Each structure stands twice: as C-alpha cells, then as structure tokens.
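Listed below, chain by chain, are the residues.
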Amino acid sequence: IYTLSLHDALPICLPAFAQDPDQSLRVYALRILGVPNSNPIGVGVYLGNGLVLTAGHLAGPFWNEIHVAVAGQNLPTDVIRRGGLSTTDLALATIDDTKLPVSLRLRRLPICPHPAVAGEPVLVVTPDAIAPSRVMAPGLLPKDLAPKYRTAIIDIKTTGNSGSGVFDTNQKCLMGIISAIIHGSETETEDGRSVTKKTDVAKYFVSAPMIANFIPPKYRY
C-alpha cells in the first residue's frame, strides 16, 4: 500500500440472498494480478458491464498489463484509464464479462451519489473479508495534508489495503477505493533525548465524487 508523506448509476434489482447482506458485497471484490507471474498485487471491485476499478498505482507503468482473479478465473484486462497518487489514484479496466457466471454478469454496483460524512459507518470489502470502519472527520487529520486526501477511514490494521472497496453500510453503494496510509508523527523521550517517530493516522480513500468524474461518460450507467 502506498503512503502519504505529510511533508511533502443505476443498480439492477436482484432477488434477495439467504446470506448476510453485508457478506453479499464480497461478490464485487476481486484480486489484481501482475503479469506474467500472476502474483497478487492488490484488490479491486467489479462495477458491472465488464468494468473493474482499482487503485491507479496497482496498474502503474511498471506493469505492461494486469489480470484479475474473479469468479474462479484469471482474466486479462484492457486498461481504459489510469491515474496515480499525485492525480487521481484510480485505474479503470475492462474484462470479457461473457466469461463470468450469469449471477455476476447481471450485477451493477452503484456509486454513492453523496460525499462521505464524518463518523459515517462504512464497510471495507476484499475477497477475503469485510471489515467495518468509520469515516474520519477531516479536522482530525494532519493540518498540512492536502485537501484532496481528506477522505479517510479510522481503522488501519483491520481493513483492506490498496484497491479495496469502501461501501456505505446502509445503501451498499461504493463510497470509495482505498489508496494510501496517512502518516503523522509524535515525539517521545528516549534516554533523555526527544525522538520523533512516524505514526499511522488513517487510510485515505478516493471518494465517490472523484470516482464518478474519473469514469469516462461512455462507461457510465
């Protein structure tokens, strides 16, 4: 997962599922694989219509291409648009959705129409687990942090890393994509000396409005 230096649509209605509704969100989670060795390099989310969204730095220029592991398959992608931490840390790619089971092919993941609200409960989703967290109040983040990085969750160790989807707990829409750890610093006294140590403060996620603006109009639904 990258770190930040402080100095420097319309969903389709589907039948109800017997499983826990929170756990049903895991169907949208997938693994991002590097090529040619197919090693996992992160995670992402399936938006529907063959569209995959992940953190831009996972599909960075050091990879010629990426694959995704979804529904028990390893599928190649065509990267449509790629950003980075200094711009918009997202990557949008397509896969051949005819290779997916019908139950997944018919799904559409809505992007939340509202911005994140401080204290709002969220779910961070990966292929392995779903972890609850909350949106951190921007005022609690380091003062010298750029405004674009002030959407963050408070739980660091228990939630997914780069590319993980952040979901609105109630509406089950996509609120963001995990991008980076936000670091702070604290000063301690050791052997009579003041020592400054780096601390983990929060996890930054690319917000729903930024996601909506990032997706080209022809791919929106």
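For the structure, see preceding data.
All values reported here derive from a predicted model rather than from experimental measurement. Within any chain, residue numbers begin from 1 and follow the written order of that chain's sequence. It should be noted that, the model being predicted, local features are given only for residues of pLDDT at least 70 and side-chain atom pairs only at 80 or more, the latter also being counted only at that level, while totals for whole chains, interfaces and linings use all residues. As a rule here, side-chain values cover all heavy atoms of the structure and leave hydrogens and water aside.

Q: Teacher, can you tell me more about the overall build of the protein chain here?
A: Helix and strand definitions here come from DSSP, where helices need a minimum of 4 consecutive H or I residues and strands a minimum of 2 consecutive E residues; each element is numbered from the N-terminal end. Within the protein chain, the secondary structure is distributed over 2 helices and 14 strands. Counting over 221 residues, the protein chain shows a buried share of 50%. Areas reported here follow the Shrake-Rupley algorithm with a probe of radius 1.4 Å; residue values treat only the protein chains shown as occluding. About 10,900 Å² of surface is accessible on the protein chain, with carbon and sulfur atoms providing 54% of the total. Under the scheme applied here, a residue whose accessible area is under 20% of the maximum for its type counts as buried, over 50% as exposed, and between as partly exposed, the area being computed with a 1.4 Å probe on protein chains only.

Q: Help me understand the pairing of strand β8 (residues 91–94), please; the structure alone is not making it clear to me.
A: One face of the sheet, then the other: side chains in a regular strand alternate in exactly this way. By the alternation rule, side chains of β8 split into A91 and A93 and L92 and T94, which are all buried. Sheet topology places strand β4 (residues 51–54) next to β8; 4 bridges connect them, and they run antiparallel. Its bridge partner lying in β8, V52 is registered against A93. Bridge analysis of strand β7 (residues 78–82) against β8 gives 4 bridges, and the strand direction is antiparallel. Strand pairing is assigned whenever DSSP identifies at least 2 bridges connecting the two strands.

Q: What should I look at first to understand the state of the cysteines in this one?
A: Throughout this description, disulfide means a covalent bond between two cysteine sulfur atoms. Disulfides are defined as cysteine sulfur pairs within 2.5 Å. In total, this model carries 1 disulfide according to the counting rule given. Across a sulfur-sulfur distance of 2.1 Å, C112 and C173 are joined as a disulfide pair. Taking the sign of the S-S torsion, about 100° here, the bridge from C112 to C173 comes out right-handed. You can see C112 sitting in the loop between α1 (102–105) and β9 (121–125) and its partner C173 sitting in the loop between β12 (165–168) and β13 (174–190), a full 61 residues away along the chain. The exposure class of C112 is buried, given its relative accessible area of 5%. Relative accessible area serves as the criterion here: at 3%, C173 is assigned to the buried category.

Q: Would you explain the sheet that holds β7 in this entry?
A: Backbone hydrogen bonds hold the strands of a sheet together, and the pairing may be parallel or antiparallel. Pairing in this open sheet of 7 strands is antiparallel, and the strands run β6-β5-β2-β3-β4-β8-β7 from one edge to the other. Every interior strand has two partners, whereas the edge strands, β6 (73–76) and β7, have only one. Neighbour-to-neighbour, the strand axes of this sheet turn through a mean angle of 35°, independent of strand direction. Taken together, the 4 bridges between strand β3 (residues 40–48) and β4 define a ladder with antiparallel strand orientation. Counted as the bridge partner of V45 is L53 from β4. Under this scheme, a helix contributes an axis fitted over its contacting stretch, all axes are lines through C-alpha atoms, and angles between N-to-C directions fall in the 0 to 180 degree range.

Q: Sorry, what's going on with the pattern of salt bridges here?
A: Salt bridge, as applied in this entry: a Lys or Arg side-chain nitrogen positioned within 4 Å of an Asp or Glu carboxyl oxygen. Here the structure, examined in full by the defined rule, presents 2 salt bridges. Residues R31 and D128 are paired through a salt bridge, measuring 2.6 Å at the closest nitrogen-oxygen approach. Taken together, the residues span a long stretch of sequence, with R31 in strand β2 (residues 29–34) and D128 in the loop between β9 and β10 (130–134) at a distance of 97 residues. With its nearest N and O atoms 4.0 Å apart, the salt bridge here joins K99 to D96. When its relative accessible area of 36% is taken as the criterion, D96 is described as partly exposed.

Q: I keep staring at the packing of aromatic side chains and nothing clicks. Help me out?
A: For any two aromatic rings, the description comes down to two numbers: the centre-to-centre distance and the angle of the planes. What counts as a ring pair is set by centres within 6.5 Å for rings of Phe, Tyr and Trp (its six-membered ring), and what kind of pair is set by the plane angle: stacked under 30 degrees, edge-to-face over 60, tilted for all other angles. Under the counting rule described, the total for this entry stands at 1 aromatic pair. Centre to centre, the rings of Y149 and Y204 are 5.1 Å apart; their planes meet at 90°, and the pair counts as edge-to-face. On the criterion of sequence distance, the pair formed by Y149 in the loop between β10 and β11 (152–153) and Y204 in strand β14 (residues 193–207) is long-range, its members being 55 residues apart. Side by side, Y149 and Y204 carry an identical accessibility label, which is buried. Residue placement shows R81 over the ring face of F214; its charged tip is 4.5 Å from the ring centre. A ring is scored as having a charge over it whenever the NZ atom of a lysine or the CZ atom of an arginine sits within 6 Å of its centre and within 35 degrees of its normal.

Q: Just to check I follow, could you spell out the nonpolar core for this structure?
A: The tendency in soluble globular proteins is for nonpolar side chains to be buried side by side. For this analysis, a nonpolar core means a set of buried residues of the types Ala, Val, Leu, Ile, Met, Phe, Trp, Tyr and Cys, connected via side-chain atoms within 4.5 Å. Counting residues in hydrophobic clusters, the biggest one holds 45 residues, and the most contacted among them are L47, L53, L174 and I211. Counting residues per element, the ones that place at least two in this core are β3, β4, β9, β11, β12, β13, β14 and α2 (208–214). Sorting elements by how many residues they give to this core places β13 first, with 6 residues. Should any heavy atoms of two residues lie within 4.5 Å, those residues are considered in contact. Not counting residues within four places of it along the chain, the set of residues in contact with I211 comprises L53, L90, I111, L174, G176, I177 and V206. Of all hydrophobic cores here, the second largest spans 13 residues; its members include V52, V68, I95 and L104.

Q: In this structure, what is going on with the pairing of β12? I would like to understand it.
A: Neither face of β12 is open: one carries G165 and F167, the other V166 and D168, and all of them are buried. The antiparallel pairing of β12 with β13 creates a hairpin that spans 5 residues between the two strands, and K172 there sits at a positive phi of about 60°.

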